[in-house]
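# Structural characterization, general
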Amino acid sequence: MINKQILLTYLYLLIYICLSSGVILYNKWVLSPKYFKFPFPITLTMIHMGFSAFVAVILVRVLKIVAPVKMTFQIYATCVIPISAFFASSLWFGNTAYLHISVAFIQMLKALMPVATFLVAVVCGTDKLRCDLFLNMLLVSVGVVVSSYGEIHFNAIGTLYQVTGIFAEALRLVLTQVLLQKKGLTLNPITSLYYIAPCSFLFLFVPWYLLEKPIMEISQIQFNFWIFFSNALCALALNFSIFLVLGRTGAVTIRVAGVLKDWILIALSTIVFPESAITSLNLIGYAIALSGVLIYNYLKVKDGASSQLPMESIPERIAKEWKLDKKSSDIYRDDVNNSEGIIGKAGSVVELAVEEEAPLLPAGSRGALSYIGRTQPSNSHAV
């Protein structure tokens, strides 16, 4: 008989997959000039950040569900501000890409995330340049190039925006590891939003004022309160679903869920947005890139958690991970998407997706960066 806790874990994984896929498709629909016709990605991201900041303040200051950490001006200036800047940049560029390229192609480009993270980590000295990892990065890059070559509606501007967003997210992950670990700062998802969302909002205000405000005409904007409210609410719910998943699962389960989510999202995007056709060359290239990502993940998890049994069924692995957990509400799991990096026993930083806009920060740490699953988990929203 299947344990109730395992069923609950699968339920959380299902909720995460549905919310992550739903938020990405929802953002595309809102931003697309063909559907809702609100082609202002910075404005949409600011709405998400403003809403998240408001909810976080209510939870921390009014309802006092969690207590704020001891944040000094020095820590805020040297850690929170630069991390928020790259977080805001990754969401800005990632959401802007929706205006130019399809959701399916964006998911394929996100296979470059481990490449970007690895390169940035090597440059910053938090990871070592190894031949086996470098060859995997070449395999991923070749796969993405093949997939791009097979893209029917290839758009260089949209591709540049997406790749820039990926590297901005990689810089955020590395900064999170380098800066916050040295300060010994521990933030949960609520306090992460409490400190980072307002700062990210301010960083987004500058490009919004210079780029979008001058071309926005209120009379021509479709502003439906319930559309924007539900969109921001879904993005916020995604942040918390990521927290629940991280509290109950480890690298193996998250990786399987991430890969499954990507394939589901690619398939759904072609149904919801029929104009985004997928070619056989797209799929071949993505399969090549994905194989490189999986090999890379395997090597990194093997390096960080060599003491764990490598061959276990997913239900057995979930059961073992659940038994090893403390309370899922107040710890970060070991080697466990963007949203948005978590560091644990294995010393790995894990990111659930650029588009998922989840500014989850590390609980402590010591090790190499690794990228789990696709994947970003958001902009999903981009939160």
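From a predicted model like this one, the values you see are computed outputs, not experimental measurements.

## Thoughts on the overall build of the chain
Each helix and strand in the chain was counted, giving 12 helices and zero strands. Secondary structure elements of the chain, listed N to C terminal, follow the sequence α-α-α-α-α-α-α-α-α-α-α-α. Across the 383 residues that make up the chain, the buried fraction comes to 56%. On the chain, roughly 15,900 Å² of surface is accessible, and the fraction owed to carbon and sulfur atoms is 71%.

## Looking at the pattern of salt bridges
Evaluated as defined, the whole model comprises three salt bridges. Between Arg172 and Glu169 there is a salt bridge, with its nearest N and O atoms 2.6 Å apart. Pair noted here: Arg172 and Glu169 are both in helix H7 (residues 156-183), with a separation of three residues, about one helical turn. By relative accessible area, which is 0% here, Glu169 ends up buried. Between Lys261 and Asp262 there is a salt bridge whose closest N-O contact spans 3.9 Å.

## Thoughts on the nonpolar core
Taken as a class, soluble globular proteins show a tendency for nonpolar side chains to be buried jointly. Formed by 79 residues in total, the largest nonpolar core has its most connected members in Val30, Phe38, Val103, Ala111, Val140 and Val144. Element by element, the count of residues in this core is highest for helix H2 (residues 41-62), at 10 residues. Not counting the four nearest positions on each side in its chain, Val30 is found in contact with Phe36, Lys37, Phe38, Leu44, Ile227, Phe228 and Asn231. One finds Ala235, Ile242, Val245 and Ala257 within the second-largest nonpolar core, a separate group that totals 12 residues.

## Re the packing of aromatic side chains
Here the distance between the centres and the angle between the planes together describe a pair of aromatic rings. Scanning the entire structure with this criterion turns up 17 aromatic pairs. Taking 4.8 Å as the distance between ring centres and 70° as the angle between the ring planes, the aromatic pair formed by Phe38 and Phe228 counts as edge-to-face. Of this pair, Phe38 sits in the loop between helix H1 (4-31) and H2 while Phe228 sits in helix H9 (residues 225-248), and the two are 190 residues apart along the sequence. Taking the relative accessible area as the measure of exposure, Phe38 reaches 2% and is therefore buried. These aromatic residues form a ring-pair network of at least three members: Tyr26, Trp29, Phe36, Phe38, Phe40 and Phe228.

## Regarding the confidence of the model for the chain
Counting all residues, the mean pLDDT for the chain is 76, and 75% of those residues have values of 70 or more. Averaged over each element, pLDDT in the chain is lowest for helix H12 (residues 314-324) (46) and highest for H2 (93). Between residues 317-355, whose pLDDT stays under 50, and residues either more than four places distant or in other chains, the model counts 205 contacts. Segment residues 361-383: pLDDT under 50, and 172 contacts once partners within four positions in sequence are set aside and those in other chains are kept.

Criteria and cut-off values
- Residues numbered from 1 in each chain as written.
- Predicted model: local features only at pLDDT ≥ 70, side-chain atom pairs only at ≥ 80, totals over all residues.
- Heavy atoms only, no water.
- Helix = DSSP H or I, 4+ residues; strand = E, 2+ residues; numbered from the N terminus.
- Buried < 20%, exposed > 50% of the residue type's maximum accessible area, 1.4 Å probe, protein only.
- Areas by Shrake-Rupley, 256 points an atom, 1.4 Å probe, with all protein chains shown as cover.
- Salt bridge = Lys/Arg side-chain N within 4 Å of Asp/Glu carboxyl O.
- Core = buried A, V, L, I, M, F, W, Y, C linked by side-chain atoms within 4.5 Å.
- Contact = heavy atoms within 4.5 Å.
- Phe/Tyr/Trp six-rings, centres within 6.5 Å; stacked < 30°, edge-to-face > 60°.
- pLDDT = per-residue confidence, 0-100.

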